[in-house]
Amino acid sequence: ALCLLFLGSVYQIFGLRADFSLEALILTDDEEGKFFEEFKERFEESDRDIIVLLQGETLFRPDGVALIQQLTETLEEVDGVEKVVTALNAPLIRGTEEGVQIESLTDLVSRNPSEIGGLKQRVLDNRMFHRTLISEDGMTLALLVRLDSDVVTEKQKRPVVRAIISTTESIIGARFPIHFSGMPVIQEEYTSQGLKEVWVFFVLSAGILCVFLFVTFRNVLGLYVPQLTVITSVVFLLGLMSLFHQELNIISNVIPSLLLVYGIADSIHLINRYYEELDKGLSKKEALLVIIRHMGVACFMTSFTTTVGFLSLYTASIKIIKTFGLFSGIGIFIAYLVTILHIPILLSLRPVPKRKWKEHKGDDAIERIMVYVGRLNERHPKILISLGILIFAGSAVLCARVNIESYILQELTEDNPIVQANDIMEKEMTGIFPYQIQISTGREGLAFEPDFLARVDELESFVASQPWIRKSFSIADILKEMHQAMNGGDPAFYRLP
C-alpha cells in the first residue's frame, strides 16, 4: 500500500506547479483582498508590463532611434506580446489649426526627417513621459512590453519573458547597457531561484542529517531507514498538494526541508528504542512490538501538538500563510503515520544489527551534563525560576524594538540583475510598485463631471506636493494636456477647462 501511494504521489508531483509571484503575499480573503481582485478586473494592471531599460547618451541619435524602432517592431512580433510602448510611439497630444491631433513622435519624424535633431528635447518636454518612459536627464529610456491578457500564469509568462530578454540582447548587443524589470521578470527570477533553493535546501538538509545519523547509529540501517521514511513523507505531501491544485510559492517552498527536519526525530526515537530493547535481550519481534506500543503513543503526542501548532496558521488572512500552515500540519502528521508504519516494517526485514560501539556506561560528556543540570534543578529551583522570569521580562522589552520591514526584493543579493534594474527604476523612473487610488463616484458618468474632475485634480495636487511622491498621474493630466494643446500650447492653459 505504501509503495502504491508512493508511485501515485510521484505521478501527481509531475503536475505540481510553482507560483513565486509577489502578489501572492498580499492576497487575502477579507474585503481588501476582494477589492484588489475587483481593481485588477476594472483597470489595466501594470503587472503585465515587462520593462526594458536602455541607457546611453546616443539613444536619440539617428542610429539609436533606428535601433529602438527595430527592437520595438521585433518585440511586438513575439508570441504573447500585446504591444510595446516607448517614448517614440506613445500617443503625443499636439495642437493644430484644426484642433487637437494625437500622433506619435515616430509619425512626426517620418513626415519630416529634419525633426529628428530635436527629438530628445520633444520627449523631455512632455510631462506624461517623465519618469515613465524617460528619465529626467534623458539618459534612460524605458520600453514597456505588455503581455497578452491571456498570458496569466507563471508557466505561460516564463517563455515570453525569456524570448523578450534574448531578443533584446541579440538586437541591442553591446550598443547600450540593458536592464530588465517589471513584475513578470521579477516573478520569473523568484521562481527560478525558489525552485533551485528547494533542491539546494533539501539536499543540504539531507546531507547534514546523513552525517548526524551515521555518527549516532554507526551503521547503514540507522542511516537509510530514517532518510527513506522522511523522503517518502515529503513525496506523499507534495503529491497531495498537487492533487488539490496547490502551488509551491515563496513560503511553501520550505515545506520539504521542514518535513525532513521534523520527521526525522520520530525515526530516531523509534530506532534508538529498538536498540535499547534488543540490548535487554528481547527478540526482534518483541522489540518491534514494544516500540510500536510505547513510542507510538509518545511520538503521536509530539506530532499532534506540532500539527496543531502549524494548523493554527490557518486563522491568518493571507492565503499563502493559511495554505502553508495547513499543509505543513498535514505533512507533519503524514510523517508520523509513515514513520510508525514504515520503520517497523523495514526493521523487521533486516537482521538484528551488530552494535559497533561500546556499551553505554553513563560516563560520557552528554551524560555528565544532564546529571549536572538535574542536580542544579533539584538544589536551586527558586533561583532558576527567578532567573527565567528576568530573562523573559528582558526579552519582552527587547521584542518591542524589533523592526518590521516589507521591502520587496530584499531576499535577492545586491549584485542580482533584477535588484540592479529595480535600483535604476527607483532612482531614474517612478519605480515598479505604484500606489494606486481608486475614487468611486457612485453614479455612472459622474467621473467626467467638471466638479468631480476638479476635486480629483485637487487631490492629485495634494498628493504630488508630498516630499515622498515622485510623480502622480490621473485622467486630469490628460485633459490638461489637451486643454493646453487646444490653446496653442500656452502653458497658462495647462489646467482643467
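Description of the structure in this document.

Procedures and definitions
- Residues numbered from 1 in each chain as written.
- Predicted model: local features only at pLDDT ≥ 70, side-chain atom pairs only at ≥ 80, totals over all residues.
- Heavy atoms only, no water.
- Phe/Tyr/Trp six-rings, centres within 6.5 Å; stacked < 30°, edge-to-face > 60°.
- Helix = DSSP H or I, 4+ residues; strand = E, 2+ residues; numbered from the N terminus.
- Buried < 20%, exposed > 50% of the residue type's maximum accessible area, 1.4 Å probe, protein only.
- Lys NZ or Arg CZ within 6 Å of the ring centre and 35° of its normal.
- Core = buried A, V, L, I, M, F, W, Y, C linked by side-chain atoms within 4.5 Å.
- Patch = residues over 30% accessible without salt bridge, like charges linked within 9 Å, V, L, I, M, F, W, Y side chains within 5 Å.
- Areas by Shrake-Rupley, 256 points an atom, 1.4 Å probe, with all protein chains shown as cover.
- Salt bridge = Lys/Arg side-chain N within 4 Å of Asp/Glu carboxyl O.
- Lys, Arg positive; Asp, Glu negative; His and termini not counted.
- Charge placed at Lys NZ, Arg CZ, Asp CG, Glu CD.

Considerations on the packing of aromatic side chains
Working step 1: Across all of its chains, the model carries 9 aromatic pairs by this definition.
Working step 2: Measuring from centroid to centroid gives 6.1 Å for Phe35 and Phe39, while their planes differ by 50 degrees, and the two rings are tilted. Here Phe35 and its partner Phe39 are both found in helix H2 (residues 31–42), 4 residues apart, which amounts to about one turn of the helix.
Working step 3: Both rings, one in Phe333 and one in Tyr336, keep their centres 5.8 Å apart while their planes meet at 40 degrees; by these two values the pair is tilted. With Phe333 and Tyr336 both in helix H11 (residues 319–348), this residue pair falls 3 residues apart, about one helical turn.
Working step 4: We classify Phe333 as partly exposed; its relative accessible area is 26%.
Working step 5: Classification of Tyr336 by relative accessible area gives buried; the value is 9%.
Working step 6: Linked through ring pairs, Phe300, Phe304, Phe333 and Tyr336 together constitute an aromatic cluster.
Working step 7: The cationic tip of Arg127 hangs over the ring face of Tyr494; the distance from NZ or CZ to the ring centre is 3.6 Å.

What to know about the nonpolar core
Working step 1: Judged by nonpolar contacts, the single largest core of 58 residues is most densely connected at Leu54, Phe60, Phe129, Leu141, Leu143, Val145 and Ile164.
Working step 2: Residues Leu16, Leu209, Val230 and Tyr274 belong to the second largest nonpolar core, which totals 42 residues.

Quick notes on a nonpolar patch on the surface
Working step 1: A cluster of nonpolar side chains, Val297, Phe300, Met301, Phe304 and Val308, forms an exposed patch at the surface whose accessible area comes to about 430 Å².
Working step 2: The residue Phe300 is located in helix H10 (residues 284–311) in this model.

Focus: a negative patch on the surface
Working step 1: The grouping of Asp30, Glu31, Glu32, Glu38 and Glu41 at the surface amounts to a negative patch.
Working step 2: Tracing the sequence through the fold places Asp30 in the loop between helix H1 (2–13) and H2.

Take it as geometry only, folks, not as evidence of what the structure does.
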